[in-house]
Amino acid sequence: MEVVEQAPAYTGLAERKTQLADRPLRMLPGTRLTLTVTSNRPLARGRVRVTPLGRGAPVEVELTPVKGQTNMAAGALEVDQPAALEISVTDIAGLDAQQPHRGRVEMLEDRPPRMTVLEPGRQAVATPGQVIPLRVRAEDDFGVTQVQVERVQVVLVQVVLV
């Protein structure tokens, strides 16, 4: 059973092809999976039962015959939480596969981006109208494509209690 993983666009990760095996598939939430089943018999249909390992009810995704490939069926789904997969197929004579194929999906953590102000330092002093050079470092586990800094005006108020 071939699995094509397409990570969310913001990651910039390339599409990855793998096989559904005994070890769990590990991916980011929002990954689109395309499953392709190959049989030794012409297939009429198939299904993937997706059972969330956390909250939520099981859902079924239809596998349809691949055009021009009578012994293949495929379907796609988006994964956003850990889940158990159970894949079954039916041939054109109406016979179901003896054993469904099983697999698991685990989620990878997508850590939030980090930004550090390098300049000016903590003790910088500015007068009204002064332009202050700003230098930052931005990091993310999937890369940073843009950093946007918005102008913030800080007004200090001194409160005196009498």
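In short, a report on the structure. (Residues numbered from 1 in each chain as written. Predicted model: local features only at pLDDT ≥ 70, side-chain atom pairs only at ≥ 80, totals over all residues. Heavy atoms only, no water.)

**A few points about the overall build of the protein**
Part 1 of the reasoning: Scanning the protein for helices and strands turns up zero helices and eleven strands.
Part 2 of the reasoning: The helix and strand sequence of the protein, counted from the amino end, reads β-β-β-β-β-β-β-β-β-β-β.
Part 3 of the reasoning: Against the 2.2 N^0.38 benchmark of 15 Å for 162 residues, the protein shows a C-alpha radius of gyration of 26 Å, more extended than a compact globule.
Part 4 of the reasoning: With respect to the principal axes defined by its C-alpha atoms, the protein has extents near 90 × 40 × 25 Å. (Helix = DSSP H or I, 4+ residues; strand = E, 2+ residues; numbered from the N terminus. Rg over C-alpha atoms; globule rule 2.2 N^0.38 Å.)

**Here's the deal with the pairing of strand β7 (residues 69-79)**
Part 1 of the reasoning: In the sheet, strand β4 (residues 31-38) pairs with β7 via eight bridges, with the strands oriented antiparallel. Note that in β7 the partner of T38 across the bridge is M72.
Part 2 of the reasoning: Here strand β6 (residues 59-66) runs beside β7; their pairing, made up of three bridges, is antiparallel. Counted as the bridge partner of P65 is A73 from β7. (Pairing = 2+ DSSP bridges.)

**Section: the pattern of salt bridges**
Part 1 of the reasoning: Counted according to the given criterion, the structure contains ten salt bridges.
Part 2 of the reasoning: When the shortest N-O distance is used, the salt bridge between E86 and R102 registers 3.0 Å. Residue E86 is found in strand β8 (residues 83-91), and its partner R102 is found in strand β9 (residues 101-107); the two are separated by 16 residues along the sequence.
Part 3 of the reasoning: Residue R104 is joined to E106 by a salt bridge in which the shortest nitrogen-to-oxygen separation is 2.5 Å.
Part 4 of the reasoning: Residue R104 is classed as partly exposed on the basis of its relative accessible area of 38%.
Part 5 of the reasoning: Connected through shared salt-bridge partners, R47, R49, E60, E86 and R102 make up one network. (Salt bridge = Lys/Arg side-chain N within 4 Å of Asp/Glu carboxyl O. Buried < 20%, exposed > 50% of the residue type's maximum accessible area, 1.4 Å probe, protein only.)

**Describing the sheet that holds strand β1 (residues 2-6)**
Part 1 of the reasoning: Taken in spatial order, the nine strands line up as β2-β1-β4-β7-β6-β5-β8-β9-β3 in an open sheet, and their pairing is mixed. At either margin of the open sheet sits one strand with a lone partner, and together these are β2 (16-19) and β3 (25-27). Recorded for the sheet is a direction-independent mean angle of 25° between the axes of neighbouring strands. (Axes fitted to C-alpha atoms, helices over the stretch in contact; angles between N-to-C directions.)

**A few points about the pairing of β1**
Part 1 of the reasoning: Here β1 runs beside β2; their pairing, made up of four bridges, is antiparallel. Paired with E5 across the strands is R16, a residue of β2.
Part 2 of the reasoning: Pairing of β1 with β4 involves five bridges; the strand directions are antiparallel. From the neighbouring strand, E5 faces β4, where its bridge partner is L33.

**Some remarks on the environment of P120**
Part 1 of the reasoning: Within the secondary structure layout, P120 lies in the loop between β10 (114-119) and β11 (135-139).
Part 2 of the reasoning: Here the alpha-carbon distance between P120 and R135, two residues 15 residues apart in the chain, equals 7.3 Å.
Part 3 of the reasoning: If we skip the residues at most four places from it in the chain, P120 touches I132, P133 and L134. (Contact = heavy atoms within 4.5 Å.)

**Quick notes on the nonpolar core**
Part 1 of the reasoning: V48, I87 and V105 are the most contacted members of the largest nonpolar core, which totals 22 residues.
Part 2 of the reasoning: At the level of secondary structure, the elements contributing two or more residues to this core comprise β3, β4, β5 (43-52), β6, β7, β8 and β9.
Part 3 of the reasoning: Leave out the neighbours within four places in its chain, and I87 touches M1, L20, V37, R47, V48, L63, P100 and H101. (Core = buried A, V, L, I, M, F, W, Y, C linked by side-chain atoms within 4.5 Å.)

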